[in-house]
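Here are the chains, one letter per residue:
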Amino acid sequence: MERDPGPAAGAGGTVPGLVAAYAGREGSGEVSSRERILGRVRRALADVPKDDTPYERAVVRGYLREHGERTVEETVDLLAENLADYRAVVHRTDAAGLAGVIAGLLAARGASSVLVPPGLDEGWLAATDVTRVADRAESTPHELDRVDSVVTACAVAVAETGTIVLDGSPDQGRRRITLVPDHHICVVRVPGQVVSSVPQALGRLDPARPLTWISGPSATSDIELDRVEGVHGPRTLEVVLVG
């Protein structure tokens, strides 16, 4: 489930840099699919002049950084609206009330176990006695599937798209812990972790980290547009906006 993001190439983990990082490994005897692809990219770039425009400046990015002008409160309201539009359940509280809200959500769910990332603030679960399950590298998907709920923080939340991004930091844990359990409670600190747009979010994220972009609970639709939730991740996403 957890995937190695590969070596970062310079400041931005650019394509030419990534290609160079894997140069020479194709002849080592063991070649992964990633190395085969990067080998083909390297051969395709072989005739690019050394003084060619760097990748970071080759594409003009003159698009808007955000759409319209909003106050902080309006930006947070837009995030809540778009999260709800994606069928996430949104709750609002202050720092003092956070532990009580999380305890209430776990109780309402009937959760008897909750998966906890190693760096999660212990105070967030101070009001509940639900059994904690540690985020362990050796946990199997079957073991994770038996956990009732998972509580995490986030890296950033995007108001215009109703998207929450996790980057595998200690208070978020491994990617798989938010993909297997059926109930995910995600805490977003307001306003510090809320931005208006995707370009603003990208400026805050490290491209070498394992990023998980979440827009509502996991869902898919068949050819008749019948929506099924919980196919590729949690069936229920509850977002707590902490002001």
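Scoring rules and cut-offs
In this numbering scheme, every chain counts its residues from 1 along its sequence in written order. Where local features are concerned, this predicted model is filtered to residues with pLDDT of at least 70; where side-chain atom pairs are given and counted, the filter is 80 or more; whole-chain, interface and lining totals use all residues. Side-chain metrics in this entry use all non-hydrogen atoms of the structure; hydrogen atoms and water are not considered. A pair of strands is treated as paired once DSSP finds two or more bridges between them. Counting from the N terminus, the helices are the DSSP runs of H or I reaching at least four residues and the strands are the DSSP runs of E reaching at least two. Every angle, taken between N-to-C directions, lies between 0 and 180 degrees, and every axis is a line fitted to C-alpha atoms, over only the stretch in contact when it is a helix. Contacts between residues were defined by any pair of non-hydrogen atoms, one from each residue, lying within 4.5 Å. The salt bridge criterion pairs a side-chain nitrogen of Lys or Arg with a carboxyl oxygen of Asp or Glu, the two atoms within 4 Å. Each residue gets one of three labels from its accessible area relative to the maximum for its type: buried under 20%, exposed over 50%, partly exposed in between, using a 1.4 Å probe on protein chains only. Here the nonpolar core consists of buried residues drawn from Ala, Val, Leu, Ile, Met, Phe, Trp, Tyr and Cys, with membership extended through side-chain atoms lying within 4.5 Å.

## Quick word on the sheet that holds strand S12 (residues 236-242)
- Read from one edge of the open sheet, six strands run S1-S12-S7-S4-S2-S3, paired in parallel fashion. Unpaired on one side and paired on the other, strand S1 (89-93) and strand S3 (131-134) mark the two borders of the sheet. Pairs of neighbouring strands in the sheet enclose a mean axial angle of 25°, with direction left out of account.
- Both strand S2 (residues 113-116) and strand S4 (residues 149-152) contribute to a ladder of two bridges, which runs parallel. By the bridge assignment for S4, Leu115 is matched with Val150.
- The strands touched by helix H4 (residues 72-85) are S1 and S12; relative to S1, the strand with the most contacts, the crossing angle is about 150°.

## Description of the pattern of salt bridges
- In this structure the tally under the stated criterion is nine salt bridges.
- In this structure, Arg136 and Glu138 form a salt bridge, with 2.9 Å as the shortest nitrogen-oxygen distance.
- Among the residues examined, Arg136 registers a relative accessible area of 35% and is labelled partly exposed.
- Since its relative accessible area comes to 53%, Glu138 is described here as exposed.
- Note that Arg189 is salt-bridged to Asp171, the shortest N-O span being 3.9 Å. Placement of Arg189 in strand S7 (residues 183-189) and of Asp171 in the loop between strand S6 (163-166) and S7 is noted, with a sequence separation of 18 residues between them.
- A single salt-bridge network, built from bridges that share partners, covers Arg109, Asp182 and Arg235.

## Remarks on the nonpolar core
- Formed by 19 residues in total, the largest nonpolar core has its most connected members in Leu79, Ile164, Val188, Val239 and Leu241.
- Of all the elements in the fold, those that place two or more residues in this core are H4, S6, S7 and S12.
- Among the elements that line this core, the one with the most residues is H4, at five residues.
- Val239 has contacts with Leu83, Ala88, Val89, Val90, His91, Ile164, Cys186 and Val188, leaving out every residue within four places of it along the chain.

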